[in-house]
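Overview (structure and organization)
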Amino acid sequence: MTNPLRIQQLMKLVDLTRLTDQDTAAAMQQWLEQDLANAAVLPAAVCVYPEYLVPVKDFLQQRKLAVKLATVVNFPFGALPLAQVLEQIKAALAAGADEIDCVLPYQTLLLGHTEQVREFLAAVRQATKGICLKIIIESGELVTCQQISKAAELVVESGADFVKSSTGKVKVGITEEAARIILAVIAASERTVGFKASGGVRSVEFALKLVSLFEELTGEVATARYMRLGASALLNDLSQQLDY
């Protein structure tokens, strides 16, 4: 059995995520009641689509739950015009978002337009000044190790707070190999940058492996300040393990 302290550590790293297409307000409310209000240990954040920010913010405030509220922009394909992404960010912050998870224009990167990606990231960082910014590189769509590394390097250079692996909306999510590449870039950075593993983090065993990788390669204990696990069902599984 996994050490209960390790389970609690994992729970505090979770960005409890609901990015369900064709969702409803009633289903969202039920999910919050079931997965968040009854959690044995609160997650780091809740991540929802922008249209649910206001009701989720109200829920957190009414329950006095000290949980950050995150949302996604340029999601999921990373292909929106920059002006539209900046409008999404502005609206999300006005609606109460504490953290922004923004998809990197990875198709632009694959075409070799590195400077265009760099300009995009600079503008997004400026628009989120003082706000936790996670950039989703969509590692499963990047063909080579070098492309994953380059994407992570651009995120680090931009001043973003986290390199996030995946949207969870493509065939390949986070893999151990991609995690190693991203974490190697982060470990080599002159500033401290966070890592968010998402897209397929479904088992406690895999979550433990990712956290161990983070601690091995960065030399830091994994806390929510610099390590997150984007997941939908993981928190409930961890809560059940604590009950055993």
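First, a word on scope: everything that follows refers to the structure included in this document. (Residues numbered from 1 in each chain as written. Predicted model: local features only at pLDDT ≥ 70, side-chain atom pairs only at ≥ 80, totals over all residues. Heavy atoms only, no water.)

**Focus on the overall build of the protein**
Scanning the protein from N- to C-terminus turns up 10 helices and eight strands. By principal-axis analysis of the C-alpha atoms, the protein measures approximately 50 × 40 × 30 Å. A total accessible area of about 11,200 Å² is found for the protein, and carbon and sulfur atoms account for 51% of it. Within the protein, the 27 negative side-chain charges are centred at a point lying 3 Å from the centre of the 23 positive side-chain charges. (Helix = DSSP H or I, 4+ residues; strand = E, 2+ residues; numbered from the N terminus. Areas by Shrake-Rupley, 256 points an atom, 1.4 Å probe, with all protein chains shown as cover. Lys, Arg positive; Asp, Glu negative; His and termini not counted. Charge placed at Lys NZ, Arg CZ, Asp CG, Glu CD.)

**Thoughts on helix 7 (residues 145-158)**
Here helix 7 contains 14 residues, and its C-alpha end-to-end distance of 20 Å stays within 8% of the 20 Å for a straight helix at 1.5 Å per residue. Burial in helix 7 covers these residues: Ile148, Ser149, Ala151, Ala152, Leu154, Val155, Val156 and Ser158. Tucked into the core, helix 7 has its buried residues touching helix 5 (106-110), helix 6 (114-127), strand 5 (132-136), strand 6 (162-164) and helix 8 (176-188). Looking one or two residues past helix 7, Gly159 carries a phi angle of roughly 95°, positive in sign. (Expected span 1.5 Å × (residues − 1). Buried < 20%, exposed > 50% of the residue type's maximum accessible area, 1.4 Å probe, protein only. Contact = heavy atoms within 4.5 Å.)

**Observations concerning unusual backbone geometry**
Cis geometry marks the peptide bond from Phe75 to Pro76; its omega dihedral reads 0°. Turning to its location among the elements, Pro76 is positioned in the loop between strand 3 (68-73) and helix 4 (82-94). Even without a glycine there, the phi angle at Gln22 is positive, about 60°. Position of Gln22 relative to the elements: it lies in the loop between strand 1 (14-18) and helix 2 (25-36). Overall, Gln22 belongs to the exposed group, its relative accessible area being 82%. The backbone of Asn74 sits at a positive phi, close to 55°, despite the residue not being glycine.

**What about the environment of Ala160?**
With respect to the helices and strands, Ala160 occurs in the loop between helix 7 and strand 6. For Ala160, the residues in contact, after removing those within four places along its chain, are Arg125, Leu133, Ile135, Val155, Arg191 and Val193.

**Topic: helix 2**
Residue pairs spaced three or four apart in an α-helix point in one direction, given the helix's 3.6 residues per turn. If you check helix 2, its first and last C-alpha atoms are 16 Å apart, about what 12 residues at 1.5 Å a residue would give, namely 16 Å. Taken together, the buried positions of helix 2 are Met28, Trp31, Leu32, Asp35 and Leu36. An end-on view of helix 2 places all buried positions within 100° of arc, on one side of the element. What points out from helix 2, more than 90 degrees from its buried face, is the exposed set Ala26, Gln30 and Gln34. (Arc of directions from axis to C-beta.)

**Regarding the packing of helix 8 against helix 9 (residues 204-218)**
Viewed as axis vectors pointing N to C, helix 8 and helix 9 meet at an angle of 25°, and their least axial separation amounts to 9 Å. One element, helix 8, and the other, helix 9, form an angle in the roughly parallel class. Considering the relative orientation of helix 8 and helix 9, their crossing is right-handed. Of the residues in helix 9, those in contact with Glu176, Ala179, Arg180, Leu183 and Ala187 of helix 8 are Phe206, Lys209, Leu210, Leu213, Phe214, Glu216, Leu217 and Thr218. (Axes fitted to C-alpha atoms, helices over the stretch in contact; angles between N-to-C directions. Parallel < 35°, antiparallel > 145°, perpendicular 65-115°, else oblique. Left-handed = near helix turned anticlockwise from the far one by under 90°.)

**A closer look at the sheet that holds strand 7 (residues 194-198)**
With parallel pairing, the eight strands of this closed barrel are ordered in space as 1-2-3-4-5-6-7-8. When the angles between neighbouring strand axes are averaged without regard to direction, this sheet yields 25°. With four bridges joining them, strand 2 (residues 45-48) and strand 3 adopt parallel strand pairing. Along strand 3, the bridge assignment pairs Ala45 with Lys68. Against the sheet, helix 2 engages strand 1 and strand 2, with an angle of about 155° to strand 1. (Pairing = 2+ DSSP bridges.)

**Examining the environment of Lys129**
Considering the arrangement of structural elements, one finds Lys129 in the loop between helix 6 and strand 5. Counting along the chain gives 107 residues from Lys129 to Asn236, while the straight-line C-alpha distance between them is 33 Å.

In short, geometric facts, not functional conclusions.
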